[in-house]
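The residues making up each chain are set out below.
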Amino acid sequence: MDTLSLRVLPLGHLRCQYFRIVDGYDENVMYDSPVSALLIRHPTLGNVLYDTGNSPYHRREYGDDITRVYPVENFRSIEDALQSEGLTCEDIDMIILSHLHFDHVGGLRYFQNSKAIKNVVVSERELWNACRSVFTGEEGGAYVKSLFDVGGVIYRPIRDTTDLAPDLTLFIQEAHTPGVIGLAIKTQTMGQIIVTSDTVYTRETWEKSLPPGGPINKGTKEFLSNLDRLKQMQEQRHATMLFGHDNEQIAAWSKKGVIK
Ligand SMILES: [Zn+2]
């Protein structure tokens, strides 16, 4: 193995009103927002996991507001998803968390006794914001303490763009939350791929420059300036975009299997 490979792992859905994904829609329009993780198998870094999906205990752990607005459907654990790739949680060397919202950090506890729990990369501003949120109760309910305050976890905070390897770069986006980690990945067959996470939910978001509605996001100004930056990156790198919660794209890429 001398080049990296990439695999989208589908982890079920959050059933929600579509205006929370793309602003302007009628509140009766519903959407199955896909939850996913990425498995990157890398020649020097080992097995790198980007996000971990929902908690197996989402019903009792998420609280009433999240459960009402974003109920989990077709839950699939990260453990199951790794198993179908022939891996266990112990085989993961590093976890990168795009951000610390429930649908991205909820599976962290599966790694509690693994080497990966001591190597969890997150943006410093995000870690700070999540802690501030759960200890002050000031900011909505998308951060749940028990999901990211997992026994034995060691966070490796990053403050700025970080090259983990020549073909894998992390960059920090100040939209959706104060510090969402995006990925720039160089592949052999698809060229560069830019992974946005939740700063750009869907292709419609991207193509129409439409921010999400609802209260979960940091703000439209931040959304638009981050979108500008991503469009520049995409143009410079001729990159293919992978969005955070695009139902069609996650389904299609899950079917692609391993991308080299
Ligand atoms: Zn999300």
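A brief report on the enclosed structure follows. No experiment lies behind these values; they were computed from the predicted model shown.

Cut-off values and rules
- Residues numbered from 1 in each chain as written.
- Predicted model: local features only at pLDDT ≥ 70, side-chain atom pairs only at ≥ 80, totals over all residues.
- Heavy atoms only, no water.
- Helix = DSSP H or I, 4+ residues; strand = E, 2+ residues; numbered from the N terminus.
- Rg over C-alpha atoms; globule rule 2.2 N^0.38 Å.
- Buried < 20%, exposed > 50% of the residue type's maximum accessible area, 1.4 Å probe, protein only.
- Contact = heavy atoms within 4.5 Å.
- Pairing = 2+ DSSP bridges.
- Axes fitted to C-alpha atoms, helices over the stretch in contact; angles between N-to-C directions.
- Patch = residues over 30% accessible without salt bridge, like charges linked within 9 Å, V, L, I, M, F, W, Y side chains within 5 Å.
- Areas by Shrake-Rupley, 256 points an atom, 1.4 Å probe, with all protein chains shown as cover.
- Salt bridge = Lys/Arg side-chain N within 4 Å of Asp/Glu carboxyl O.
- Lys, Arg positive; Asp, Glu negative; His and termini not counted.
- Charge placed at Lys NZ, Arg CZ, Asp CG, Glu CD.
- Phe/Tyr/Trp six-rings, centres within 6.5 Å; stacked < 30°, edge-to-face > 60°.
- Lys NZ or Arg CZ within 6 Å of the ring centre and 35° of its normal.
- Donors = N, O, S within 2.8 Å, 3.2 Å for Na, K, Ca; no water.

## Quick look at the overall build of the protein
Here is step 1 of the chain: A tally of helices and strands in the protein yields 9 helices and 12 strands.
Here is step 2 of the chain: Compactness check: the protein gives a C-alpha radius of gyration of 17 Å against a globular reference of 18 Å for 260 residues, within 12% of the reference.
Here is step 3 of the chain: When its C-alpha atoms are laid out on the principal axes, the protein stretches across 50 × 40 × 35 Å.
Here is step 4 of the chain: A buried classification covers 56% of the 260 residues belonging to the protein.
Here is step 5 of the chain: Within the protein, contacts between residues separated by at least 24 positions form 70% of all contacts whose residues are at least 6 apart in sequence.

## Concerning the sheet that holds strand E10 (residues 180-186)
Here is step 1 of the chain: The mixed open sheet is built from 5 strands, whose spatial order is E8-E9-E10-E11-E12. The open sheet has two edge strands with one neighbour each: strand E8 (162-165) and strand E12 (240-243). The sheet shows a mean angle of 25 degrees between the axes of neighbouring strands, direction not considered.
Here is step 2 of the chain: Note that strand E11 (residues 192-197) and E12 share 4 bridges and pair parallel. Directly across from Val195, in E12, lies its bridge partner Leu242.
Here is step 3 of the chain: The strands touched by helix H8 (residues 220-237) are strand E9 (168-173), E10, E11 and E12; relative to E9, the strand with the most contacts, the crossing angle is about 160 degrees.

## With respect to a negative patch on the surface
Here is step 1 of the chain: Taken together, Glu79, Asp80, Glu90 and Asp91 make up a surface patch of like negative charges.
Here is step 2 of the chain: When you line up the elements, Asp80 lands in helix H3 (residues 78-83).

## Comments concerning the environment of Val121
Here is step 1 of the chain: Inspection of the secondary structure assignment puts Val121 in strand E6 (residues 120-123).
Here is step 2 of the chain: Spatially, the C-alpha atoms of Val121 and Val258 are 23 Å apart, while their sequence positions differ by 137 residues.
Here is step 3 of the chain: Once you skip the residues sitting within four places of it in the chain, Val121 turns out to touch Met94, Ile95, Ile96, Leu97, Arg156, Ile158, Leu170 and Ile181.

## Brief notes about the packing of aromatic side chains
Here is step 1 of the chain: This structure, assessed with the given rule, holds 5 aromatic pairs.
Here is step 2 of the chain: Each ring, one from Tyr70 and one from Phe102, has its centre 6.1 Å from the other, and the planes form 55 degrees; the classification is tilted. With Tyr70 in the loop between helix H2 (63-69) and strand E4 (72-73) and Phe102 in helix H4 (residues 102-105), the pair connects residues that are 32 residues apart, well separated along the chain. Accessibility assignment for this pair places Tyr70 and Phe102 in one class, buried.
Here is step 3 of the chain: Positioned above the aromatic ring of Tyr57 is the side chain of Arg60, whose terminal nitrogen or guanidinium carbon lies 4.6 Å from the ring centre.
Here is step 4 of the chain: Lying over the aromatic face of Trp206, Lys231 brings its terminal NZ or CZ to 4.4 Å of the ring centre.

## Considerations on the coordination of the zinc ion
Here is step 1 of the chain: Coordination of the zinc ion by the protein involves Asp103 (OD), His104 (NE2), Asp198 (OD) and His245 (NE2), with metal-donor separations of 2.0 to 2.2 Å.
Here is step 2 of the chain: Summarised as a motif, the one-chain spacing of the donors to the zinc ion is D-H-x93-D-x46-H. Of the two residues, Asp103 is situated in helix H4 and Asp198 in the loop between E11 and helix H7 (203-208); the sequence distance between them amounts to 95 residues. Summarising the burial analysis for this pair, Asp103 and Asp198 share the class buried.

## Comments concerning the pairing of E10
Here is step 1 of the chain: Burial of E10 is extensive: 6 of the 7 residues sit out of reach of the surface.
Here is step 2 of the chain: Relative to E10, E9 runs antiparallel, the two being bridged by 6 bridges. Paired with Thr169 across the bridge in E10 is Ala184.
Here is step 3 of the chain: Remark: 6 residues form the turn of the hairpin made by E9 and E10, two consecutive strands paired antiparallel; His176 in that turn has positive phi of roughly 70 degrees.

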